[in-house]
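Observations on the three-dimensional arrangement
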Amino acid sequence: MAKKISIILLFLFLSLSFVFAGGTGEKGIVKTPVVVGSKIDTEGALLGQMIVKVLEANGIPTEDRTEFGPTDVIRKAISSGEIDIYPEYTGNGQFFFSSNEPEIWKNPKLGYEKVKQLDYDANKVVWLTPAPANNTWAIAVRRDLAEIEGLKTLEDLADYANGGGDIKIACSEEFATSPAALPAFEEAYGFKLTKEQLLILAGGNTAQTEKAAAEQTDGVNFAMAYGTDGSIAAFKLLVLEDTKEVQPVYEPAPIIREGVLEMYPDIEKILKPVFLSLDLVKLQSLNGKIVVEGQDAGAVAEEYLKAHNFLK
């Protein structure tokens, strides 16, 4: 009998040890992994990996689902609870919520506060501290063509297009159809591209669109680009200036489901200094390591986090 009691007590001890080892330390509740997603572009992978690594380093278990999908897919995923957190851009709030106040989205502070309130009210999604870097939509052109044709601004592009200039732009389906992107440029600057002038590439990775322009794939000489791209100079491209300030400000910020943040309230203070450290120049450099040098996004993220003492 004594032996049986000892065995039972040992079993209970081991069971409790297992629960507490995997729990919060307060109530012995097993921790639920935070599902981290990201978009499929270079910067999405980079920022998603930073979130994964910083949370793991602070004792918060994660499930890595970075490079999850394009904007529409990942928005549905966080709304449905399929993912818990991912890096999004403030300027997209104008289109998520069909805002008719364009000037708000061109102001970094006002745009952030607006999307923060709208997304919480509609979806109980919380926007955390953004990075001070504007990763806005842009159009880049081969530098040699820019020099020959005198292309410096989107007004120059409109004149070139309307004058019968040779144009073929590599871009994503989202860039070609979203009211935020190419259609906004066309309306503001007074030009219109045909389907034959577009090379639609799967996903939203500007490394692919810029490479297509650099290598003149299928006659491509222009490319969808982002403000923080690290491959623009390497591919000998020039970003055309948006003189009419058509585009909103797109600052990257981690966004998280309220219930998950309540479960792990430290996430906000853990990620804040990381994102505040990421200015435009740093993001261009980090993106360049992935696109130009071919380094793995996770490795680049880890190297940066260690260099800035966010990881040991």
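Calculation criteria
- Residues numbered from 1 in each chain as written.
- Predicted model: local features only at pLDDT ≥ 70, side-chain atom pairs only at ≥ 80, totals over all residues.
- Heavy atoms only, no water.
- pLDDT = per-residue confidence, 0-100.
- Contact = heavy atoms within 4.5 Å.
- Patch = residues over 30% accessible without salt bridge, like charges linked within 9 Å, V, L, I, M, F, W, Y side chains within 5 Å.
- Areas by Shrake-Rupley, 256 points an atom, 1.4 Å probe, with all protein chains shown as cover.
- Salt bridge = Lys/Arg side-chain N within 4 Å of Asp/Glu carboxyl O.
- Lys, Arg positive; Asp, Glu negative; His and termini not counted.
- Charge placed at Lys NZ, Arg CZ, Asp CG, Glu CD.
- Helix = DSSP H or I, 4+ residues; strand = E, 2+ residues; numbered from the N terminus.
- Buried < 20%, exposed > 50% of the residue type's maximum accessible area, 1.4 Å probe, protein only.
- Pairing = 2+ DSSP bridges.
- Axes fitted to C-alpha atoms, helices over the stretch in contact; angles between N-to-C directions.
- Phe/Tyr/Trp six-rings, centres within 6.5 Å; stacked < 30°, edge-to-face > 60°.
- Lys NZ or Arg CZ within 6 Å of the ring centre and 35° of its normal.

To continue, consider the confidence of the model for the chain. Per-residue confidence for the chain averages 90 on the pLDDT scale, and 91% of its residues sit at or above 70. Every residue in residues 2-27 scores below 50 in pLDDT, and together they form 13 contacts with partners more than four places removed in sequence or on other chains.

Another aspect to go through is a negative patch on the surface. Residues Glu-56, Glu-63, Asp-64, Glu-67 and Asp-296 make up a contiguous surface patch of negative charge. For Glu-63, the position within the fold is in strand S2 (residues 62-65). Accessibility expressed as a relative area gives 39% for Glu-63, which makes it partly exposed.

Attention now goes to unusual backbone geometry. Positive phi, close to 50 degrees, is recorded for Ser-98, a residue that is not glycine. Classification of Ser-98 by relative accessible area gives exposed; the value is 62%. Its identity is not glycine, yet Lys-236 carries a phi of approximately 60 degrees, on the positive side. Looking at the element boundaries, Lys-236 is found in the loop between strand S8 (222-226) and strand S9 (237-239).

On to the sheet that holds S8. The five strands are arranged S7-S6-S8-S5-S9 in an open sheet whose pairing can be described as mixed. Only two strands of the sheet have a single neighbouring strand rather than two, namely strand S7 (198-201) and S9. This sheet shows a mean twist of 35 degrees between the axes of neighbouring strands, independent of strand direction. In this structure, strand S6 (residues 169-172) lies alongside S7, joined through four bridges in parallel fashion. When the bridges of S7 are listed, Cys-171 appears paired with Ile-200.

This model, assessed by the stated rule, comprises four aromatic pairs. Ring centres of Phe-96 and Phe-97 lie 6.4 Å apart, and the angle between their planes is 85 degrees; this geometry places the pair in the edge-to-face category. Centroid distance Trp-137 to Phe-175: 5.2 Å. Interplanar angle 55 degrees. Geometry classified as tilted. Taken together, the residues Trp-137 in strand S5 (residues 137-142) and Phe-175 in helix H8 (residues 173-177) connect sequence positions 38 residues apart. The two residues Trp-137 and Phe-175 agree in class, both being buried. Sitting above the plane of the Phe-96 ring, Arg-75 keeps its charged end 4.1 Å from the centroid. Directly above the ring of Tyr-120 sits Lys-124, whose terminal nitrogen or CZ lies 4.8 Å from the centroid.

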